[in-house]
Amino acid sequence: MQRLEIPVVSYNARTAAFMTARGFHRDGCGVWRDAAGHSFAASLAGKEAPAAATRTWGCQMNEADSETLRGQLREMGYVDAPVDDEADVILLNTCAVRGTAADHALGEIGRLKRLKTERPELLLGVCGCLAQMPETVEYLRRHAPHVDLIFGTNNLHDLPGLLQRAYRDEAQTVDVWDQAPETVENLPSRRAPGVKAWVNIIYGCDKFCTYCIVPTTRGRERSRRPGDVLAEVERLAAEGYREVTLLGQNVNSYGHDLGAYDFADLLRDVAQVPGIRWIRYTTSHPRDFTEKLVRTIGLHPKICEHFHLPVQSGSDRVLRWMNRGYSRARYMELIGHVRRLLPHAAITTDIIVGFPRETEEDFLQTLDVVREVGYDNAFTFQYSPRAGTPAARWEDPVPPAVKKERLERLNELQYAISRRKNQALVGSMQEVLIEGPSRKDPDVLTARTRTNRLVLVPKREGVVHRFGRVHVTEAQTWTLYGSLAEVEPGV
Ligand code: SF4
């Protein structure tokens, strides 16, 4: 496939040009202010210290995008809105991959109409994958005139200019780009507190699976330059982050547009960054997955031995209809590399059941793969069409009740395997990163193993965001329980 040369530009340089042309300069805290000391946000909202809120649906890529939106909002001078009623700007970062996420976002847009009616000065923006789809834009134009601003995934780095236009324009401001004409570096990011950070390494997707809307909403693949990724990881390490997750719709495709430098090379180089303790990545595609990658992970203890390798189906016919680009035999060959080179690694997957024309025989082949691999965990889905994808135009003779029943049978099998795998860990010591208090029980802390298993331990003061070792005493399908045996000193 012919790849386009995509220019790389600096967010800082471009934003500086935009801001200085309007008489704004950065203060010591990085906020853009005019000569009178008013922030850019204040100049837009017509009040001091306006407040903003963001809402996010969907995958880690969307979460990372929201961190970029919040980073830009902070540089403009917005403070956090504790509740919607106090927000001057609300941005809804939407997801188009799953119908439920799209429905929730559209429901939220409807719910905010009341607030917008009560406070017309509130600026309401919709962005993300759903906004990238022409039918959503049309829907919002017709049915949600209370939305002031609609923009897509390819121009979210332009937030200052977009907000300025939305404040100025009487009509709804719509600015959605089909493609990203450039890769923007040095994006500001406001990450969640803690020691874990996401780092985008590749944007877009060229795989065109027939059920997936992502190639439409995220555009063509473009890898960030290794030097830019490494510089970001080094900055994160200097700021105290200890775990990085390298992100992309298909991380295994990283570097296809860069010449002779691939994802395994990037992992090797990230593993050299001092201060970073654990490295994870998501999501993998079997088509681009290599034995070299498994070997690289085996050579570098910082890279967690967890392989999330979405199989989607165990039937070659269904895999062809899905345009996945591999056969069941090829997939099992890749699993074989993992089992041979890293026998203690965890393997997880994604599976769709009830794809159009999937027969009972196709489904039984999926169950065979699940048994043969013995996944530690699986994200399982009942197929539902996404508007704009090829599969959504096909006849679907699989009745909903059959899809549901297949999902239940698949889950029953997978849950039993997950439980057995977890129970095998009872009595072992597991290296963990302690995340924080459990949402359900403040006397309990949650931690994650290298293989991304959730572990609950009794609360102890002063250990959050530190690495330690847990003695596992009990296991259920999704959760391990144990006690903290060691905690490393903080950083
Ligand atoms: S690899 Fe397939 S499923 Fe994954 S984002 Fe690309 S098109 Fe969607």
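Quantities reported herein were computed from a predicted structural model and do not represent experimental measurements. (Residues numbered from 1 in each chain as written. Predicted model: local features only at pLDDT ≥ 70, side-chain atom pairs only at ≥ 80, totals over all residues.)

(A) Examining the overall build of the chain more closely. Within the chain, the regular secondary structure consists of 14 helices and 23 strands. Radius of gyration (C-alpha) of the chain: 24 Å, near the 23 Å computed for a compact globule of 491 residues. Projected onto its principal axes, the C-alpha coordinates of the chain cover approximately 65 × 60 × 50 Å. Counting all 491 residues of the chain, 42% fall into the buried class. Nonlocal contacts in the chain, meaning residues at least 24 apart in sequence, comprise 72% of its contacts between residues at least 6 apart. (Helix = DSSP H or I, 4+ residues; strand = E, 2+ residues; numbered from the N terminus. Rg over C-alpha atoms; globule rule 2.2 N^0.38 Å. Buried ≥ 20, exposed ≤ 12 C-beta atoms within 10 Å, placed from the backbone. Contact = placed C-beta atoms within 7 Å.)

(B) Region of interest: the pairing of strand S21 (residues 454–458). Going residue by residue along S21, you find Val455 and Val457 tucked away on one face and Leu454, Leu456 and Pro458 left uncovered on the opposite face. Adjacent in sequence and paired antiparallel, strand S20 (residues 444–449) and S21 are bridged by 4 residues, among which Asn452 carries a positive phi angle near 70°. Of the strand pairs in this sheet, S21 and strand S23 (residues 479–487) are connected by 3 bridges, and their pairing is parallel. Bridged to Val455 within S23 is Leu480. (Pairing = 2+ DSSP bridges.)

(C) Layout of helix H14 (residues 400–423). Between its first and last C-alpha, H14 extends 34 Å over 24 residues, near the 34 Å set by a 1.5 Å rise per residue. Listing the buried residues of H14 in full gives Lys403, Arg406, Leu410, Gln414, Ser418 and Asn422. (Expected span 1.5 Å × (residues − 1).)

(D) Structural detail: the site of the ligand. In the vicinity of the ligand, the residues found are Cys205, Lys207, Phe208, Cys209, Cys212, Val214, Pro215, Gln249, Asn250 and His285. For the shell around the ligand, the residue count by class is 6 nonpolar, 3 polar and 1 charged. (Near = placed C-beta within 6 Å. Nonpolar A, V, L, I, M, F, W, Y, C, P; charged D, E, K, R; others polar.)

(E) Looking closely at the packing of helix H10 (residues 291–299) against helix H12 (residues 328–341). Between H10 and H12, the shortest axis-to-axis distance is 9 Å and the interhelical angle comes to 20°. Put simply, H10 runs roughly parallel to H12. The handedness of the crossing between H10 and H12 is right-handed. Residue-level contacts link Glu291, Val294, Arg295 and Gly298 of H10 to His337, Val338 and Leu341 of H12. (Axes fitted to C-alpha atoms, helices over the stretch in contact; angles between N-to-C directions. Parallel < 35°, antiparallel > 145°, perpendicular 65-115°, else oblique. Left-handed = near helix turned anticlockwise from the far one by under 90°.)

(F) Structural view of the domain arrangement of the chain. As far as domains go, the chain holds domain 1 (8–175), domain 2 (187–423) and domain 3 (429–487). Each side of the interface is counted separately: domain 2 has 15 residues, and domain 3 has 10 residues. The leading source of residues in the side of domain 2 that touches domain 3 is H14, at 5 residues. When grouped by side-chain class, the residues that make up the side of domain 2 that touches domain 3 number 5 nonpolar, 5 polar and 5 charged. (Domains from an automatic or database assignment.)

(G) Spotlight on the sheet that holds strand S11 (residues 196–200). On the basis of which strands lie adjacent, the open sheet formed by 3 strands has the order S11-S14-S15 and parallel pairing. Across the chains shown, the open sheet's two edge strands, defined by having one partner strand only, are S11 and strand S15 (278–282). In this sheet, neighbouring strand axes are inclined to one another by 25° on average, regardless of whether the strands run parallel or antiparallel. Across the sheet, helix H8 (residues 226–238) lies against S11 and strand S14 (243–247), angled at about 165° from S11, the strand it touches most.

(H) Structural context of the pairing of strand S4 (residues 51–56). When S4 meets strand S5 (residues 79–80), the two strands line up parallel, connected through 2 bridges. The residue bridging Ala52 from the neighbouring strand is Asp80, located in S5. Both S4 and strand S6 (residues 89–94) contribute to a ladder of 5 bridges, which runs parallel. In the sheet register, Ala52 faces S6, and the bridge partner there is Val89.

(I) Inspection of the sheet that holds strand S7 (residues 123–128) at higher detail. Taken together, the 6 strands give an open sheet; going across it, the order is S5-S4-S6-S7-S8-S9, and neighbouring strands pair in parallel fashion. Sheet topology places S5 and strand S9 (173–175) at the edges, where each strand pairs with a single neighbour. Where helix H6 (residues 159–168) meets the sheet, its contacts fall on S6, S7, strand S8 (149–151) and S9, and the angle it forms with S7 comes to roughly 140°.

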